[in-house]
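Fold and geometry: a report
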Amino acid sequence: MRIPSVNELKEKFHQLFPSYPLSYFTFPARKVAQIIRERWQKGEISELSEPFLESLIRKTFEDYETPHLKRVINATGIVIHTNLGRAPLSEKVLSEIITIGKYYSNLEYDLKEGKRGSRYVHVEELLKEITSAEGALVVNNNAAAVLISLNTLAFEKEVIVSRGELIEIGGSFRIPEVMKWAGSILKEVGTTNKTHLYDYERAISDKTALFLKVHKSNYEIVGFTEEVSAEELVNLAKRYNLLVMEDLGSGCFIDFSKYGLKKEPTVQETLKAGVDLVTFSGDKLLGGPQAGIILGKRELIEKIRKNPLNRAIRIDKLTLAGLEATLRLYRDENLAIKYIPVLSFILAPKEKLKKKAQKLYRLLKGLNLNEIEFKIVETIGKTGGGALPTLELPSYSVIAYSSKLSPSQLQKYLRAHKIPIITRIEEDKMVLDVRCLFDEDLEEIKRAFQNLKNEYFSR
Ligand SMILES: *Cc1c(COP(=O)(O)O)cnc(C)c1O
């Protein structure tokens, strides 16, 4: 078999897509030549028919033209899913990002004085207003916030941490390692399940800089446990002239227990307990863009701001625009819940979820897909994102099952949809949890099942 040359293939691409210049096809043409060669070597093809070549060219070009980073549909029921991009943003927030991205802005320009200004002022006052913190600084993400805080306040000094809080998050953020790269010396105290105030006190030496508390984020220790509260640590720290820092991880401004969910300490409460510095993410429970937020005592924040490392982890202007817009919504809790998708998904009333599940069910039933059964069931979702780790969110799902396709085949098919649909499998059934579905997602799921019908079950 003769494999067409790259130039010949480029010509063929050009015939099918004449609006692009010939030179545009070099890379996809090489790709097609490579696919043909590989298939031929494996013995999968022995001759090259025109229809086969044309469909290969079309498919390759479609892949080439599709952005690699793309929207997916989250039918997992996990609201803050790190693999799926954590917090989706509302139009209100996105429109600010578009404006700041499209035009010039006063990012680092003081409009009153007509001279150089600071990028941090745009959210500093807002953060202080919402949380009553003395000082505020924002950086690229929470990992960076922890790194720069430790590096500034405890370089070559000892940091005392409970063994119950030496966490790893998402496979790469490990407290002991971050501490090492910050130049701090880790001094672990207590045991996995129990740490007492005297454990912290006995560990103090003349090299100690601070006590660090870390939100356990993705697990909980249950049973015979004891940990020291922020208040107790603050009192102890005062006696020895030390600092207390808390990595809240998710960090939320809203008291979820008001809405019938489990109590998660708010950022405001943590600051009120007297903690000198708190750090948390912008894109977990807060529901904004990726950022790391550092709040606390004014003089500590000033020191951190001046650390040269700050330049390397600084927040980008688009993020800043999105963060400011998100924070403004928190001036009124009802606005926040209405317009921040993470909050509205977590606090969605069961009745509303039931209606959404019924709507999805009706759409799918309407396809008359005899080979697939659909059913509405009650399921349990999670907040995810290292927040409320054991909290269960009662939810509704549509399950889909077929004697012709296994749950994992079904799952794989939906994942290959133009807008990939990410589901989970529970008790050997594929589950579409409706909690994190947007209205427009429902029609798209229907389209995916319609394609499935056309491809598998129409002959
Ligand atoms: C998620 C988390 C981090 C990392 O935050 P990023 O914003 O992902 O960098 C650090 N500490 C805790 C406790 C967390 O939960």
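Residues numbered from 1 in each chain as written. Predicted model: local features only at pLDDT ≥ 70, side-chain atom pairs only at ≥ 80, totals over all residues. Heavy atoms only, no water.

1. Brief notes about the overall build of the protein
- Of the regular secondary structure elements, the protein holds 18 helices and 18 strands.
- Each of the three principal axes of the protein carries a C-alpha extent, and together these read 85 × 55 × 45 Å.
- Buried positions account for 49% of the 459 residues belonging to the protein.
- Partitioning the intrachain contacts of the protein with sequence separation of at least 6 by distance along the chain shows that 72% fall at a separation of at least 24.
- Summed over all atoms, the accessible surface of the protein reaches about 23,600 Å², with 50% contributed by carbon and sulfur. (Helix = DSSP H or I, 4+ residues; strand = E, 2+ residues; numbered from the N terminus. Buried < 20%, exposed > 50% of the residue type's maximum accessible area, 1.4 Å probe, protein only. Contact = heavy atoms within 4.5 Å. Areas by Shrake-Rupley, 256 points an atom, 1.4 Å probe, with all protein chains shown as cover.)

2. Regarding the nonpolar core
- By size, the foremost hydrophobic cluster in this structure holds 93 residues, and its most contacted members are F211 and L295.
- Per-domain counts for this core show at least three residues from each of domain 2 (73-82 + 347-456) and domain 3 (89-339).
- Those residues in contact with L295, other than ones at most four positions away along the chain, are L127, T131, A133, G135, A136, V267, L271, D276, L277, V278, F280 and I301.
- Among the nonpolar cores identified, the runner-up in size contains 31 residues, and A348, L360, L364 and A400 belong to it. (Core = buried A, V, L, I, M, F, W, Y, C linked by side-chain atoms within 4.5 Å. Domains from an automatic or database assignment.)

3. Remarks on the domain arrangement of the protein
- Domain parsing of the protein yields domain 1 (6-53), domain 2 (73-82 + 347-456) and domain 3 (89-339).
- A straight line from the C-alpha centre of domain 2 to that of domain 3 covers 34 Å.

4. As for a nonpolar patch on the surface
- Together, Y24, F27 and Y64 give the surface a local cluster of nonpolar side chains, amounting to about 300 Å² of exposed area.
- Considering the arrangement of structural elements, one finds F27 in helix α2 (residues 26-41). (Patch = residues over 30% accessible without salt bridge, like charges linked within 9 Å, V, L, I, M, F, W, Y side chains within 5 Å. Salt bridge = Lys/Arg side-chain N within 4 Å of Asp/Glu carboxyl O.)

5. Section: the site of the ligand
- Every one of the 14 residues lining the ligand counts as a neighbour, but A143, S217, D247, S281 and K284 are closest to it.
- D247 places a polar side-chain atom, nitrogen or oxygen, 2.6 Å from a nitrogen atom of the ligand.
- Within the contact set of the ligand, an oxygen atom lies 2.8 Å away from a side-chain nitrogen or oxygen of K284.
- Taking 380 Å² as the accessible area of the ligand by itself, protein coverage stands at 94%.
- Of all elements in the fold, only α6 (142-153) and β11 (243-249) reach the threshold of two or more residues within the shell around the ligand.
- Residues belonging to the shell around the ligand are distributed by class as follows: five nonpolar, six polar and three charged. (Near = heavy atom within 4 Å. Polar contact = N/O pair within 3.5 Å; in protein donor to acceptor, adjacent residues only side chain to side chain. Nonpolar A, V, L, I, M, F, W, Y, C, P; charged D, E, K, R; others polar.)

6. A look at the sheet that holds strand β15 (residues 393-402)
- If you walk across this open sheet you meet the five strands as β2-β14-β15-β18-β17, and the pairing is mixed. One side of each edge strand has no neighbouring strand; the edge strands of this open sheet are β2 (78-80) and β17 (424-426). Direction aside, neighbouring strands of the sheet carry axes that sit 45° apart on average.
- Bridge count for β15 against strand β18 (residues 429-433) is four bridges, and the pairing is antiparallel. Its bridge partner being in β18, A400 is matched across the sheet by M430. (Pairing = 2+ DSSP bridges. Axes fitted to C-alpha atoms, helices over the stretch in contact; angles between N-to-C directions.)

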